[in-house]
Amino acid sequence: MGGKSNSNFVKFVVSTDRAGAGGGTSSSSFVVAAHAREPLVALVVPQAPAQVTVLTEEAARVDTFSATGARVAGAAPAPAADATSRVKGRTKRTTKREEPEEATLGVDSDICAMQWHPLQRLLVAACVDGKLVVWLEADHSTEAALFHKQEITFLQWNQDGTRLATYDAGGTLALWNHERGTALSLLSHHTFLQGTLLAGIFRNNPRWSGKTPFVGCFGRSPAGDESLFTSQLMQEEPTTGANASSGASFSECGIIQGKIKALYYNSTKDGVIAVNDINQLFHFGAPANSGPTAGKLDQSFQVKLTPGTTSEKDVMTSYMGEALVAACIEDESVLRVWDLASAHNFILSMIDPVKGISLNEVITFVAFSEARQSLAATKTGKILIWKCINVFDKSQASWEMLEPIDVGAPIQQLIWGSENLLMAVLGDSIELYVDTSMEWAIATDSQLSLFQTAPDELRLEYFPTKKMGKFKSDVRIKQAKLFGHHLSIYDGQQVVLHRLDPDSDRSLQAEEVAAVSTHSPLVAVHDDRTLIMTEEGKVQLCNFKGVAKQSLHFSFTDGEPIIMDVCGNFLAVATTTNTLRLFDMERREVKKHGTTRTFDVQEFGKIISIRINRDGSHVSVLAATSNPEAPVRAFVYVVESNTTAVFNIDSATRFVVNHFWDPLYPKLLAYETTPTKRVVDNTSLSKGPDAAADDNSVNKVTLLFIVNEAEVGPGGGVMLHSDTVVSPKGATCLLGLRVPYLFFGVKNAEKQKKLHRNLGRGSDEETPEDDEEEEDNDEESSERSEPPASIVGVILRDFTGMENVESTIRDAILEFSYNLALGNMDAAYKAVKVVKNSNVWANMAQMMVKTHRVDMLGALAVCLGNMGNLRAAAALRRAAEDNVEPEARLAAVAVHLGMIDDAIDLYTQCGRNDMVNVLYQACGQWEKALNMTETLDRIHLKSTHYAYAKHLESLLDFAGAIQHYEKAETHRLEVPRMLFDAGKLMELDTYIQTSNDKKLFLWKAQYVESKGEPDEAMTYYEKAEDQLSLVRLYCAKENFAKARKIVDETGDPAACYHLARQYELSEEDKLKDALKLYIKAGCYNHAIRLAIEQEMEADVLHIALQATPEAMLLAAGYLEERQLFDKAVLLYQKGGNLAKAINLCFQAKLYEPLAMIAESVDSKADPSLAIKCAQFFFEKEQYAKAVQLYAAADHIFEALRICKDYKVSLTEEMGEKMSPPATEKPEVRQKVLRAIAHCYDKQRAYNLSCRKYTQAGDHKKAIEVLIKSDDTEKIVFFASVSQKPMVYIITANYLQKLEWRDKPDIIKNIILFYKKAQAWESLARFYQSCAQAEIDEFRRYDKAKGALAEAKACIMKMASAPERATLVKQVEQQVTLVDQYLQAHQLLQLEDPQQREQGARICNSILQMPQQQVEEAVRLGDVYSLAIFYYYQNGDAANAFELLEQMRKRKVPVDVYIEQEIVNEIYHAVHKEAHRGHHGDGEGEGEEQEEQQEQEGGDQIEERLQEGEEQRQQREEGGEEIAEDVREDQE
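Residues numbered from 1 in each chain as written. Predicted model: local features only at pLDDT ≥ 70, side-chain atom pairs only at ≥ 80, totals over all residues. Heavy atoms only, no water.

Novice: What should I look at first to understand the overall build of the protein chain in this one?
Specialist: Assigned secondary structure in the protein chain consists of 53 helices and 67 strands. Burial analysis of the protein chain (1531 residues in total) assigns 50% to the buried set. Taking the intrachain contacts of the protein chain between residues at least 6 apart in sequence as the baseline, contacts between residues at least 24 apart amount to 49%. Split by element, the accessible area of the protein chain, about 73700 Å² in all, is 48% carbon and sulfur. (Helix = DSSP H or I, 4+ residues; strand = E, 2+ residues; numbered from the N terminus. Buried < 20%, exposed > 50% of the residue type's maximum accessible area, 1.4 Å probe, protein only. Contact = heavy atoms within 4.5 Å. Areas by Shrake-Rupley, 256 points an atom, 1.4 Å probe, with all protein chains shown as cover.)

Following this line, the structure appears as structure tokens:
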């Protein structure tokens, strides 16, 4: 960079001699402090270490105070030699107000530390003897706070200035309390015996309700070993008291290796950022459920700031907010920014080719100013400044490098002050740099607007008359605002109020009406009489003379007023504690309005902007959040219900940055939204850096209607979307809303001019009145130069063309739009019903068309009716009746309103390119019509060319018409017609000759022939290849040879026919040639006629076979007359008259042709004919063919009889053909289907039979037939899909006949089918069978008991009471016996003799019952075996023998239940001889019966196997189709 320095910064050198006039010992360095909000600087110079010097831009005098309050006179230092500098190309004349002014404060000992209060003009200075001195700028008074006994080494305020932390060399940490208007009071203290405080911060998380605990970092090295140095994070815990004697309690919350150099608080994540001396950065985050005094912090991030081998180098850091840390490494020329949220980093470039900046020097210091959102880094002799141009996105692309400041000497320290103050500490001096660059003031209110053209100059404009004026201020303008017709100027020291007179004859004039001293820029004007200002802890209302009328006080809990807004008679104030207070100023005494509401920061965010509407019912609030994607949350506070309402803006794509109410209409709110960083990045990546921004990547203004509580019920506050306006190109921000305009600020003059031209608001050329007011050359150049900022107004779409309507009409349109958004059409129409001006209705209709309001077609019809435009109304009604697109309906109205361009846009929008084509043609825009049809409407391309050719023909542009006739492919007809009608025969002849088109030659030939020139006509006929015309002319000349030659060569059918007719009429010897030519021409009727006339029977059949059916029948009749029956039958058949052919076969006894004809008879043939053929085949014993023909004749029963009597197999295909369609009468259809099914049953085709029975609706018969197939799988499947109770029962009964006992699937299906059929008795009996099976086969009495319980449950579901009682009694008896048996069995298993005896008694009691009753429940042998075995074990052989004899008498087989060895021992014990067989009497007879039954069962099985073998083939034929037939039948 070629020595260029930033001219925006004016330098003031502070003389250390003047600053140290109070004397004192010299120190090695300066002690400095700069106020973060106010332009105040405090410093202690080495020459006067016990004196504090306060420099301020605002003070008009210099005061010096000693410790005892004695006043010492002093003078302001002269400005430095280079105080005059270049500012924006002009010489900056240093005025008295731009020189630094001093106030000194003497104290008892040397100053070692100083810090300004974060909000107030209050300075705290710490002394080496432990004294704290508080200096107040308001009255230049001092107060001393005594506690420390040693030098104070640390001094730190919390964020809102309510707490102060101090630390001395003795290790004592003191926490002080400070409330507005009170002195410092000691809150708590703690002495740390180990470790030294290295750094400290206050945690300011808003969810802690104002409590800000102190976190300190204490370092220590065990045994003095620096390599083992550790830093301990200690956090303050709650104290039990608030008096001075109470001690503070601290707990450890983190350990860091090394010595901490910097400690920062990350409010976004409520975390602590620490940087140690080995260049490591740590981030500690608080747990989600932690409170203000929670324990250890969780380390969430750690990074090494020095890459590679640079760990030993020193690193300077500065916290930039939002988890961003700037770092510069010693002896390097790189400034790196770490993003702790994403763990990424980026480098700020020192090269800007546009500004001519190219630096590569070592950076040694870095500092960040939160107020200016700019970053400054120092290097040897220069100060580099980067400014963040987008506070919502601090990525690398958002940082812009400014011109550096050339200091010319090494910089030891760099401190940012307030917005425009930068302090550089050099080796032996201090330099203050005041930034004179500014954000140009630009504002609008009511019908006035202002924009700043210079630091002390404003340009004013009055919209209604376009009157402009210039305002020149005596001071540098820091803030300019408009309040109605009042202009307020703030210069940092006072507010000067001017009244504007827009009705003056000359340019706008400003008259000063008030000048009030204040340090706050928060001012407002109400009712042209009251000036509203904020002071410490209150809002002051005074008149224009500065006399206070009323004060609105804010308590400590309320906080300090920081944001203020006035609209109508209502005032809204937001404070530092996120509290919103509202006031009603309608009466003389201001009163509270609504409820004071404090918004939780965690839920809503920190309030950054408020707007109150005109009637005080709603307050729009913007709040800053910790979400980097959507840093601003917007909501509306509903005053009456004390609730909030939110309009759902997609936080993933956009967020609100500005908001305005309409000053006259309290329901209308405007939100300005900007895209999030993600959307901007995606747009730039997808479109490239040079692509134009689309609607998603630019700012938009969303207009909303706030619905009243009375209209939507309790709560109110519903926001309805009304409209969205894209910010004009070049616009920087939204400045205001006043129907019918949205006002935008534009900084670039060239873009502003373009915007004015586009919006029809003129240019920025000065008016003659303004030129007359130019007083000197500077003013003339300023007046003629383009302003750096301007204001443009964009008309709301609902007011397009109606920006100058009366207020009553404007209000009516607003109410109309409001009710329309609310969906209340009746109220909407009522709102505009009072409007009688037809021009207004016309403008409204045009507005609806221009803004494409297809949702307002009903309102458009009302507008047209009030306009009296009947044609447009009729067009709208016809379009609605034709049910065309809504856009097309609107376009039809646009055409009648003369808005052709809008109609074209609407037709294009709905894809009606055909209508766009019609409009272009009607407007004579033929090129546009052709271009559009070429690309979008090619179906109408030829018709468009034809219409254009007609248009050109009407203009006598024949050449152009010919061109487009050719493109329309109508030139063969239209061009000869056009040229002939125009009498241009020569041009026509030339066109025909050059075109070489056969159709044009034909036209020429016909034209010449009509003139009686056949020879010339023949020439053109030859060119046109019209063979018929040539043959016709040759025949006319009787030159048949030439004509025949042409016919033979070309084979033209028309020519052949013409020549054949000539042969037939002229020469008898040419009849055969005529016949051949008829055939060649395809004229078979004529050929047959000629052959019949000439009795050429041989040729008749040959010709007829090639002819049409009608000709065949004609020839067949002729051959029948000639007794040529075989040929006649053939032609009758080919001609489609089968009945005639068959009758002729019977008549002539032609059986062989008859058989061939009968095969072609189908259901479409005549039934009588089919029956006749069927009888023929039946007589010939061809029964299968007879069945087919009877079926085709719909004689189904006769066909089935033949199948049954003559054993003709009925195939599936034949059965389907016989089946009546679903449209047949149900009774007829069922009868036929049952007959077909019966036939299938007889043929043992059970699957097909089941299908037909199912189609007939007879499911019972269907399942019975299917059961014959013994295909269990298909039977079960059919039952499952049939869903018929009777089918379920039959299927379950069938399954019980199978071997089901060891097959769980069959048992499951039996139970399922009985349950579905609700056949509870059958199911109960099946359960009894299951119980008996368990007893007989497996002796599992416990499972048998469960089965009997299920049986009882089923019986209880039966409907018949008497039968149910009988069955229940039977089952209960069975259950009782089973229980007794199980009890006896269990007792006999025990060792207790009494219990075993009890079991024996139970067995004996059972045995005493009738045998039949016992055997219904248990096996008698099982009971005997238990009793006998009991007596056998007890040695009671007599009772055992007696029981054995009873078994024998009751015919119970002994060897089945008792081992033979035990039987022998019992008989031996009673001295009896054991029987050979122990089955009892009748044993042989029983065996013979069993053998006989077994033999009979085997025979039955064999017989069934044989039947199954015979049916196997039929079972394989398609059983899978049963389910499909069932479903079809159910449908």
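Novice: Even after reading the chapter, I still don't get unusual backbone geometry, so can you show me in this structure?
Specialist: For residues besides glycine, phi is generally negative; the peptide bonds are generally trans as well. Residue valine 739 is joined to proline 740 through a cis peptide bond whose omega torsion reads 15°. Assignment of secondary structure puts proline 740 in the loop between strand E65 (731-738) and strand E66 (741-746). Even without being a glycine, asparagine 996 presents a positive backbone phi close to 55°. With respect to the helices and strands, the residue asparagine 996 is situated in the loop between helix H20 (985-995) and helix H21 (998-1010). Using a relative accessible area of 59% as the deciding quantity, one classes asparagine 996 as exposed.

Novice: Would you explain the sheet that holds strand E60 (residues 643-645) in this entry?
Specialist: Each strand in a sheet pairs with its neighbour through backbone hydrogen bonds, running either in the same direction (parallel) or in the opposite one (antiparallel). Strand order in the open sheet formed by four strands is E57-E58-E59-E60, with antiparallel pairing between adjacent strands. Looking along the sheet, the strands with just one partner apiece sit at the ends: strand E57 (606-612) and E60. Neighbour-to-neighbour, the strand axes of this sheet turn through a mean angle of 30°, independent of strand direction. Examined bridge by bridge, strand E58 (residues 618-624) and strand E59 (residues 632-638) share seven bridges and lie antiparallel to one another. Looking at the pairing, histidine 618 lines up with valine 638 of E59. (Pairing = 2+ DSSP bridges. Axes fitted to C-alpha atoms, helices over the stretch in contact; angles between N-to-C directions.)

Novice: Help me understand the packing of aromatic side chains in this model?
Specialist: Applying the stated criterion to the full structure yields 31 aromatic pairs. Taking 6.4 Å as the distance between ring centres and 80° as the angle between the ring planes, the aromatic pair formed by tyrosine 665 and phenylalanine 705 counts as edge-to-face. Highlighted residues: tyrosine 665 in the loop between strand E61 (654-661) and strand E62 (668-675) and phenylalanine 705 in strand E63 (residues 700-706), separated in sequence by 40 residues. Of the two residues, tyrosine 665 and phenylalanine 705, neither departs from the other in class, the shared state being buried. Between phenylalanine 1441 and tyrosine 1467 the ring centres are 5.1 Å apart and the planes differ by 85°, which places this aromatic pair in the edge-to-face class. In this pair, phenylalanine 1441 sits in helix H49 (residues 1437-1449) while tyrosine 1467 sits in helix H51 (residues 1460-1469), placing the two residues 26 residues apart along the sequence. Across the pair, exposure class does not vary: phenylalanine 1441 and tyrosine 1467 are buried alike. (Phe/Tyr/Trp six-rings, centres within 6.5 Å; stacked < 30°, edge-to-face > 60°.)

Novice: Even after reading the chapter, I still don't get the pattern of salt bridges, so can you show me in this structure?
Specialist: Proximity of charged atoms lets side chains of opposite charge pair with each other. Within this structure, the stated rule accounts for 35 salt bridges. Taking the shortest distance from any N to any O, the salt bridge between aspartate 558 and arginine 581 comes out at 3.4 Å. Note that aspartate 558 is positioned in the loop between strand E51 (548-553) and strand E52 (561-567) and arginine 581 in strand E54 (residues 579-584), a separation of 23 residues in sequence. Since its relative accessible area comes to 16%, aspartate 558 is described here as buried. Among the residues examined, arginine 581 registers a relative accessible area of 14% and is labelled buried. One salt bridge in this structure joins arginine 1325 and glutamate 1321, with 3.1 Å as the shortest N-O distance. Note that arginine 1325 and glutamate 1321 are positioned in helix H43 (residues 1320-1338) at a spacing of four residues, about one turn of the helix. Three or more residues are tied together by salt bridges with common partners; here these are Lys950, Glu953, Glu974, Arg977 and Asp981. (Salt bridge = Lys/Arg side-chain N within 4 Å of Asp/Glu carboxyl O.)

Novice: Help me out: how do you make sense of the environment of isoleucine 706 in this one?
Specialist: Within the element layout of this structure, isoleucine 706 appears in strand E63. A sequence separation of 89 residues divides isoleucine 706 from serine 617, and the C-alpha atoms of the two residues are 10.0 Å apart.

Novice: I'm lost on the pairing of strand E67 (residues 790-795) in this one. Help?
Specialist: Every other side chain in a regular strand lies on the same face of the sheet, so the side chains alternate between the two faces. Among the six residues that make up E67, five are buried, leaving the element largely enclosed by the rest of the structure. In this sheet, E67 lies alongside E66 in antiparallel orientation, the contact comprising six bridges. Following the sheet pairing, phenylalanine 743 is matched in E67 by glycine 793.

Novice: What exactly am I supposed to notice about the packing of H21 against helix H22 (residues 1014-1024) here?
Specialist: For any two helices packed against each other, one specifies the inter-axial angle together with the distance between the axes. Where H21 meets H22, the axes come as close as 8 Å, and the angle between the chain directions of the two elements is 165°. In terms of orientation, H21 and H22 fall into the roughly antiparallel class. Two packed elements cross with a definite hand, and for H21 against H22 that hand is left-handed. Every residue of H22 that contacts H21 at Lys998, Phe1001, Leu1002, Lys1004, Ala1005, Gln1006, Val1008 and Glu1009 is listed here: Glu1016, Ala1017, Tyr1020, Tyr1021, Lys1023 and Ala1024. Partitioning the contact of H21 with H22 into residue classes produces eight nonpolar, one polar and five charged. (Parallel < 35°, antiparallel > 145°, perpendicular 65-115°, else oblique. Left-handed = near helix turned anticlockwise from the far one by under 90°. Nonpolar A, V, L, I, M, F, W, Y, C, P; charged D, E, K, R; others polar.)

Novice: What exactly am I supposed to notice about the side chain of serine 449 here?
Specialist: Mapped onto the fold, serine 449 is located in strand E41 (residues 448-454). Dropping the residues within four chain positions of it, serine 449 is found in contact with Ala443, Thr444, Arg459, Leu460, Glu461, Phe463, Leu482 and Ile791.

Novice: Mind showing me how you'd approach the sheet that holds strand E15 (residues 163-168) here?
Specialist: Taken together, four strands build an open sheet; the order of strands is E14-E15-E16-E17 and the sheet is antiparallel. Edge positions in the sheet fall to strand E14 (152-157) and strand E17 (185-191), since each has one partner strand and no second. Between one strand axis and the next, the sheet turns by 20° as a mean value, whatever way the strands run.

Novice: What is the right way to read helix H9 (residues 825-832) from this model?
Specialist: Since there are 3.6 residues in each turn of an α-helix, residues three or four apart along the chain are aligned in direction. For H9, the set of buried residues is Ala828, Ala831 and Val832. Each buried residue of H9 sits inside an arc of 85° when the element is viewed along its axis, so together they form one side. Structural note: H9 exposes Asp826 and Lys830 on the side pointing more than 90 degrees away from its buried face. In the core, the buried residues of H9 are packed alongside helix H8 (807-822) and helix H10 (838-850). (Arc of directions from axis to C-beta.)

Distances and angles like these do not, on their own, reveal function.
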